[in-house]
4 protein chains.
Amino acid sequence: MSIFKYKDKNVFYQLDGNKDNPKLLILNGIMMSTKSWQPFMETLTEHFHVLRVDFLDQGQSDKMTDNYKQDMQIDLLKALLDELKIKKINLVGISYGGEVALSFALKHQTYVQRLILFNSSAYTNPLLKDIGRSWIKAGQTRDGSLYYKTTIPIIYSPSYYEAKLEWMQKREEILTPIFSNPEFLDAMERLTLSAESFDVRDQLKDLDIHTLIITADEDFLTPRKEQEYLAKHIKNAHWMTIPGVGHASMYENPLLFTSLITGFFLVKQETYQI
Amino acid sequence: MSIFKYKDKNVFYQLDGNKDNPKLLILNGIMMSTKSWQPFMETLTEHFHVLRVDFLDQGQSDKMTDNYKQDMQIDLLKALLDELKIKKINLVGISYGGEVALSFALKHQTYVQRLILFNSSAYTNPLLKDIGRSWIKAGQTRDGSLYYKTTIPIIYSPSYYEAKLEWMQKREEILTPIFSNPEFLDAMERLTLSAESFDVRDQLKDLDIHTLIITADEDFLTPRKEQEYLAKHIKNAHWMTIPGVGHASMYENPLLFTSLITGFFLVKQETYQI
Amino acid sequence: MSIFKYKDKNVFYQLDGNKDNPKLLILNGIMMSTKSWQPFMETLTEHFHVLRVDFLDQGQSDKMTDNYKQDMQIDLLKALLDELKIKKINLVGISYGGEVALSFALKHQTYVQRLILFNSSAYTNPLLKDIGRSWIKAGQTRDGSLYYKTTIPIIYSPSYYEAKLEWMQKREEILTPIFSNPEFLDAMERLTLSAESFDVRDQLKDLDIHTLIITADEDFLTPRKEQEYLAKHIKNAHWMTIPGVGHASMYENPLLFTSLITGFFLVKQETYQI
Amino acid sequence: MSIFKYKDKNVFYQLDGNKDNPKLLILNGIMMSTKSWQPFMETLTEHFHVLRVDFLDQGQSDKMTDNYKQDMQIDLLKALLDELKIKKINLVGISYGGEVALSFALKHQTYVQRLILFNSSAYTNPLLKDIGRSWIKAGQTRDGSLYYKTTIPIIYSPSYYEAKLEWMQKREEILTPIFSNPEFLDAMERLTLSAESFDVRDQLKDLDIHTLIITADEDFLTPRKEQEYLAKHIKNAHWMTIPGVGHASMYENPLLFTSLITGFFLVKQETYQI
């Protein structure tokens, strides 16, 4: 168990795999934690030295008390990499983690070898902001069942949700008590608020890193248009879409998820003499 | 103001336009009422004799007390048409109203000339059911603001929501008190529950009516796959999609909405000697 | 049979329907003629006074000898409307006819009430230009069978082509002798060349007419991106797509084709008080 | 330079990379040869022992005289693998090569570790067959320029074709003499004919190999519906699409092409404990 001090806060992180492998930093979605990546670690550590981290207000990292902006998480990552003397990483994030990854790459471009953005966007549009507000209001009722129904179904594709109904019901049982916990809900509220002002649309033109952008065709939170915007405005963008998959794409097709990361970060060659 | 007695309940309906025109019956989405169609009446009455109706638990129709199935609304429509001695209608519905329209057409096929389904599906899939459950739980808090944020943003496309932000904020002001009203919320709960068991997948093969199916490409409640299923299983299906538009498609592009209804119901010819 | 003199050339046109109805001008695709619209006339004349015309080098209009630009066809239309004292038309075109329609609307905006573009684009991109060149080269061999195989299959969707295989084979029998006729092939060559320099991208911003843009999802000659461009750059654009249909969309779904024209041109109301 | 005798014919093949790496067999599209893969070899040999082969009538392999079925190429591959004592391969093909790959996997399932199909289909539909017939007829004229215009532009996306116009013109100069060569054109005719009866739709249910299916959204020869069919009927199918790319997807985005192959074949883990 590794702890890093960021300002006066404990930040939990984990490093796995052979340290001589290329570095991979993988960033959590808003409700995730370092533990959420466990199912993928066997595969990811085969080729990478993998760094995971719980953002502040996530998992085993400290909770905050006041509100903050997402930028804080970016500074935290920068400090962590410097502490670990890591100068170059392959960076992948999903949803909230994708937004942090993109902001990080824009601010600290020299640290990033390549970038993969799953289910991400270039800004928090007003509709997504208001969906966030519905989550916050649901959380403030302290009713775990309401919070679950408000936040969870929407992140899956209808067909996956139906196919995995039993698993979903088990998840509901596990998550409802957590989603009733005021400390968790307050942290979720701060995390949600921290993303409200995210907007890097004007900076995308400055990104000069090969970036893989993944759309899940049934992602209803960060739908296709968001990634189309990224793909159109990032110079070296490579855009792919996965039919039939929702916002939690890494769960709906884990083999594709690990394959895309492994392939895009392992291939070194950039120019091809066609 | 016209009232029809269905069992012991008052059902509000309205007939507009020249009675010699072809009949058009237009069915409300779950949160709509006959009033919601007012902006379209100038156009629709130009070519049609238009019948609107508030389902039980909607608008000016009586509220129910116990739960019921959507089938009740279908029986109510049948009784209303018989009362008005209408033997043949062009039938259009959106969302909840599209599901009722489809069920009605399947059960009373001889009454239906042609059918248009906006933003509809062949069954309430488990994910949609659980989104409905989140609406019910939000309603039970009696917090109008929570209910608004949970139900309203998701029915628009992100770009429309952003472009109409001011209008949205006015709607929020108007709707929040209504969405705090226990009577309204209990009615919404019953309406929502009434759709849970909707499933006509096995019957689609029996439909023998030219049916226009409209997908809004940014509809996150009844996404494209739902209409693809309808289009694949209805013999005389005609399927179109509207890019950039969300679940409340009639608001996002009213000119297309009225054009599609007008054109599809006015064109009589079915076979073309190509 | 009506003939109009444009410069020293005979231009064939036809006016059908009640002259008190709204005017509709429908423009041919490159291989079409006024006769191609016959299957749709019963329906179109129910609500419109319909004007059809064979472009120069098409159908019963005179053949040209030298090459020309598409603009000639636009001038011809303008002269024809003036001759017929028609001041306002609803204008619809498909493919080549859609391009002429769009150019006409840009040049003579006051003549156009509304505009519908099926399977059209804002310019002849280099790939489409080279497909045209393959048609020209195939035509120069005078081998009707080669010309048929090069030009016809690609304009249908694979599923329609397969479903209508017998009909296709009959068409091949009928068309092969025509496609072996040097006069026809030379006319096709000039028509094809006349479209090469079509490019109105810079002018789209000036169009101030409600315009319905139709994409056929399996159109391989003027694919979706072409109409996406139109929809993005025309102020009052209304964009719809038809899944499963190819470039010859009016043949693949004639009921949709006539419904869209009828509805979009009959609905007068532009603003809706939502 | 390696030659293998298949029946009495010389088959050219090439083995590159470290023989202890996992085996990769990559199969040519119809107009390609082993040389076409040269730009990708630096990357592919980093992780794989790569086997390339010219089908009969391709590249440096012998020409045939009589017509044959695609099955011959499958038998040839089986014989080659046995000769090389290769028992297990990762198999990737594009277009014609994808069809051979799929047929091979169905017939010799135990030889195949995983399968990747770029721009492929489950059968040669009648439209594709007739496009093939147009190529054959164009070839029979011996006019290299006609053959080029008929076969080449259509395999690119319009935007790539436009962006690479200069490169395209150079290719036309290089290819026109080759496309005028009777021996080459006769071989192309036989290859094209050999694919006409390809149809494995009924066998797809028997495939039990993780299969990555790639759609290029602007592929006009084997469009999206073909891969949708594959994805729906292959048990362990993983389907992705690449927006803005055409039939020759490996040229239009070589970094994605190599990343997808590298990732999907390197990741061993199949089951993930989500």
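Residues numbered from 1 in each chain as written. Chains lettered and ligands numbered in written order. Predicted model: local features only at pLDDT ≥ 70, side-chain atom pairs only at ≥ 80, totals over all residues. Heavy atoms only, no water.

S.K.: Explain helix 9 (residues 224-233) of chain B residue by residue, including any values.
M.R.: Looking at helix 9 of chain B, one finds that the buried residues are B:Glu226, B:Gln227, B:Glu228 and B:Leu230. Structurally, helix 9 of chain B contributes buried residues whose contacts are with helix 6 (158-163) of chain A, helix 3 (96-107), strand 6 (112-118), strand 7 (211-216) and strand 8 (237-242) of chain B together with helix 9 (224-233) of chain D. (Buried < 20%, exposed > 50% of the residue type's maximum accessible area, 1.4 Å probe, protein only. Helix = DSSP H or I, 4+ residues; strand = E, 2+ residues; numbered from the N terminus. Contact = heavy atoms within 4.5 Å.)

S.K.: I'd like a description of the interface of chain D and chain A, backed by residues and values.
M.R.: Every contact between the two is made by 37 residues of chain D and, on the other side, 37 residues of chain A. Interface of chain D and chain A: buried area, both sides summed, is about 3,300 Å²; carbon and sulfur atoms make up 66% of it. Considering only the surface of chain D that becomes buried against chain A, D:Met240, D:Leu255 and D:Ile274 emerge as the three largest contributors, covering 22% of it. A salt bridge links A:Lys268 to D:Glu46; the shortest N-O distance between them is 2.8 Å. Counting the contacts that link chain D with chain A gives 13 residue pairs in polar contact (both at pLDDT 80 or more). Secondary structure elements with two or more residues in the side of chain D that touches chain A: helix 1 (38-47), strand 7 (211-216), strand 8 (237-242) and helix 11 (254-266) of chain D. Across the side of chain D that touches chain A, the residue classes tally to 19 nonpolar, 12 polar and six charged. (Buried area = accessible area lost by both parts, 1.4 Å probe. Salt bridge = Lys/Arg side-chain N within 4 Å of Asp/Glu carboxyl O. Polar contact = N/O pair within 3.5 Å; in protein donor to acceptor, adjacent residues only side chain to side chain. Nonpolar A, V, L, I, M, F, W, Y, C, P; charged D, E, K, R; others polar.)

S.K.: Summarise helix 3 (residues 96-107) of chain D; cite the residues concerned and give the values.
M.R.: Residues and elements named next belong to chain D. Under the 1.5 Å per step criterion, the end-to-end length of helix 3 is 17 Å for 12 residues, consistent within 8% with the ideal 16 Å. The buried fraction of helix 3 is high, at 11 of 12 residues. Among the residues making up helix 3, those that are buried are Tyr96, Gly97, Gly98, Glu99, Val100, Ala101, Leu102, Ser103, Phe104, Ala105 and Leu106. Buried positions along helix 3 lie against strand 3 (23-27), helix 2 (71-83), strand 5 (89-94), strand 6 (112-118), helix 8 (182-194) and helix 9. (Expected span 1.5 Å × (residues − 1).)

S.K.: Any details on the pattern of salt bridges? Residues and values, ideally.
M.R.: Side chains that carry opposite charge are capable of pairing whenever their charged atoms lie near each other. If you walk through the whole model with that rule in mind, you get 60 salt bridges over all chains. Of the charged contacts in the structure, one is a salt bridge between A:Arg133 and A:Glu196, with a shortest N-O distance of 2.7 Å. With A:Arg133 in helix 4 (residues 126-140) and A:Glu196 in the loop between helix 8 (182-194) and strand 7 (211-216), the pair connects residues that are 63 residues apart, well separated along the chain. Each of A:Asp130, B:Lys149 and B:Glu172 takes part in a single network of salt bridges with overlapping partners.

S.K.: Could you give me a rundown of the interface of chain B and chain A, with the residues and numbers involved?
M.R.: Taken together, the 30 residues of chain B in the interface contact 30 residues of chain A. Taken together, both faces of the contact between chain B and chain A bury some 2,600 Å²; the carbon and sulfur share is 69%. When the buried surface of chain B facing chain A is broken down by residue, B:Leu127, B:Lys149 and B:Phe220 rank first, second and third, together holding 23% of it. Taken together, the connections running from chain B to chain A amount to four salt bridges. Among the ionic pairs, B:Lys149 bridges to A:Asp130, the shortest N-O distance being 3.0 Å.

S.K.: Please set out the environment of A:Gly263 residue by residue, giving values where relevant.
M.R.: Along the chain, A:Gly263 falls in helix 11 (residues 254-266). By relative accessible area, which is 0% here, A:Gly263 ends up buried. The contact partners of A:Gly263, leaving out residues within four places of it in the chain, are D:Ser259, D:Thr262 and D:Gly263.

S.K.: Give a detailed account of the relation of the copies chain D and chain A, specifying residues and quantitative values.
M.R.: For these two chains of identical sequence, chain D goes onto chain A by a turn of 180° and a shift of 0.0 Å along the axis, with RMSD 0.0 Å. The transformation relating the two chain copies, once decomposed into turn and shift, fits a two-fold axis. Minimal C-alpha separation from the rotation axis in chain D is found for D:Gly263, amounting to 1.8 Å. Most of the interface of chain D is mirrored in chain A, where 100% of its interface residues are also at the interface. (Least-squares fit on C-alpha atoms with pLDDT ≥ 70 in both.)

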